[in-house]
Amino acid sequence: MTASTHDIEKAAGVLRAGGLVALPTETVYGLGANAEDPVAVARIFQTKGRPPSHPLIVHIADAEHLDDWVETVPAAARLLADHFWPGPLTLVLRRGRRVPLEATGGLETVAVRVPDHPVARALLTAFGGGITAPSANRFGSVSPTTADHVRAELGDAVDFVLDGGPCQVGVESTIVDVTNETPSILRPGGVTREDLEAVLGFPLAVPSTSRVRVPGQHPSHYAPRARVVLVEPEKVVTEAELAQELGHQVGVLLPPSFAGATVKAHALVALPGSMDAYARGLYGFLRELDERGCDLIVAALPVEEGLGLAIANRLLRAAGPRPPA
Ligand code: TXA
Ligand code: MG
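In this report, we go over the structure that sits alongside the text. Here the structure is a predicted model, which is why all the values come from computation and not from measurement.

In this section: the site of ligand 1. Every one of the 22 residues lining ligand 1 counts as a neighbour, but Thr27, Arg50, His59, Ser173 and Arg187 are closest to it. Within the side chain of Arg113, a nitrogen or oxygen atom sits 3.0 Å from an oxygen atom of ligand 1. When the free accessible area of ligand 1 is taken as 680 Å², the share hidden by the protein chains comes to 86%. Of all the secondary-structure elements, those providing two or more residues to the shell around ligand 1 are strand 3 (57-59), strand 5 (109-113) and strand 9 (184-187). The biggest single contributor to the shell around ligand 1 is strand 5, with 4 residues. For the shell around ligand 1, the per-class residue count stands at 12 nonpolar, 6 polar and 4 charged.

Moving on, we come to the sheet that holds strand 2 (residues 30-34). Ordered by their spatial adjacency, 9 strands build an open sheet running 7-1-2-6-3-5-4-8-9, and the pairing between neighbours is mixed. Two strands lie at the open edges of the sheet, namely strand 7 (160-161) and strand 9, each paired on one side alone. Where strand 4 (residues 89-94) meets strand 5, 4 bridges bridge the pair, whose relative direction is antiparallel. Residue Arg94 lies in a different strand from strand 5, and its bridge partner there is Thr109.

Further remarks concern the environment of Val39. Take Val39: it is sitting in helix 2 (residues 38-48). Note on Val39: relative accessible area 62%, which makes it exposed.

Tracing the sequence through the fold places Arg287 in helix 8 (residues 275-291). Residue contacts for Arg287: discarding those within four places in its chain leaves Val142, Ser143, Pro144, His149 and Glu153.

The rules behind the values
Every chain begins its residue count from 1, and numbering advances along the sequence as written. Lettering for chains starts from A, numbering for ligands starts from 1, and both go in the order in which the items are written. Thresholds applied to this predicted model are a pLDDT of at least 70 for local features of residues and 80 or more for the giving and counting of side-chain atom pairs; totals over whole chains, interfaces and linings are not thresholded and use all residues. Processing note: side-chain calculations cover all non-hydrogen atoms of the structure and skip hydrogens and water entirely. Think of it this way: one heavy atom of a residue within 4 Å of a molecule or strand is enough to make that residue near it. Think of a polar contact as two N or O atoms within 3.5 Å of one another; within protein, one of them needs to be a possible hydrogen donor and the other a possible acceptor, and neighboring residues in sequence only count if both atoms come from side chains. Residue exposure ignores everything except the shown protein chains as possible cover, and the areas themselves are Shrake-Rupley values with a 1.4 Å probe. Helical segments are the DSSP runs of H or I of at least four residues, strand segments are the runs of E of at least two, and each set is numbered from the N terminus. For this classification, Asp, Glu, Lys and Arg are treated as charged, while Ala, Val, Leu, Ile, Met, Phe, Trp, Tyr, Cys and Pro are nonpolar and the rest, including Gly, are polar. Strand pairing requires that DSSP identify at least two bridges connecting the strands. Partly exposed describes any residue whose relative accessible area lies between the buried limit of under 20% and the exposed limit of over 50%, with all areas from a 1.4 Å probe on protein chains only and scaled to the type maximum. Only heavy atoms matter for contacts: two residues are in contact if any of them lie within 4.5 Å across the pair.

Structure below.
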């Protein structure tokens, strides 16, 4: 069920009153507040259980409004905004005075994006200001890609949930830092590195790909309850069966090369062949394996091209070491 005009007006009213609204975007659902209301912004951190030093993204209705939120717009930023907005690209720029430090975690830079979802854009237009929104999940867990996921994560802690159907991209936006002469990718996401480089005309630095970053190096994030173990693609079935024999309830993200194979495991998700469909489904697959009672998920990293880079990044983070229980 998708939000009506009445729902959108109601949600805009909730934002004006300092409340929190969960909103659909093309990437994942966000937990939104009036970006210019420091008290409402503080409630986001409380609700998510997120440390206040982690900066948020400010969502705006239109690329034309970018200048209102930042100090200056360098040429590379303008180029990327013109090309990819509305869309799954976030630009980090010098903070404009309008943005409270609460939203930027105290930084003098701000992350901004124009989402490409009719409900998000209708809400931004009806509200008339910026909406600061992290993904609408508890800190560290899997981002929600349906309104039901949001309700399962946050329940009554959010004042209103706008339903915009399942998210079409499924992984978060690509974050590009354009505050320095040389733009760099801070987080791979829905806009591919290849597409960004084609528009910019030069290669971009990507801080960490799986080739240089082994699982276990970074604290977990984007993580299901079940522990995630990454193995070579050809070993997915044997490793899953071994862990199952050892007494685990194993969930498997089964690569297309194994399509139709019988696997002695607790639960199985047959991965789609296209990276678009994999990205769209990824967080739902992880939630499904949790719900089916798996305590261990065995998966392989996809090739890090196109959306495969973002998928590999999220799987690596999901497989990172957990804080002590
Ligand atoms: O697709 C998305 O980006 C979703 C939807 C809701 O828009 N939002 C999202 O927000 O993923 P969140 O808060 O889960 O992730 C935002 C990321 C964080 O990793 C944060 O560190 C980074 O953006 N970020 C925000 N402001 C920043 C800044 N000024 N400098 C560097 N990184 C920043
Ligand atoms: Mg998040």
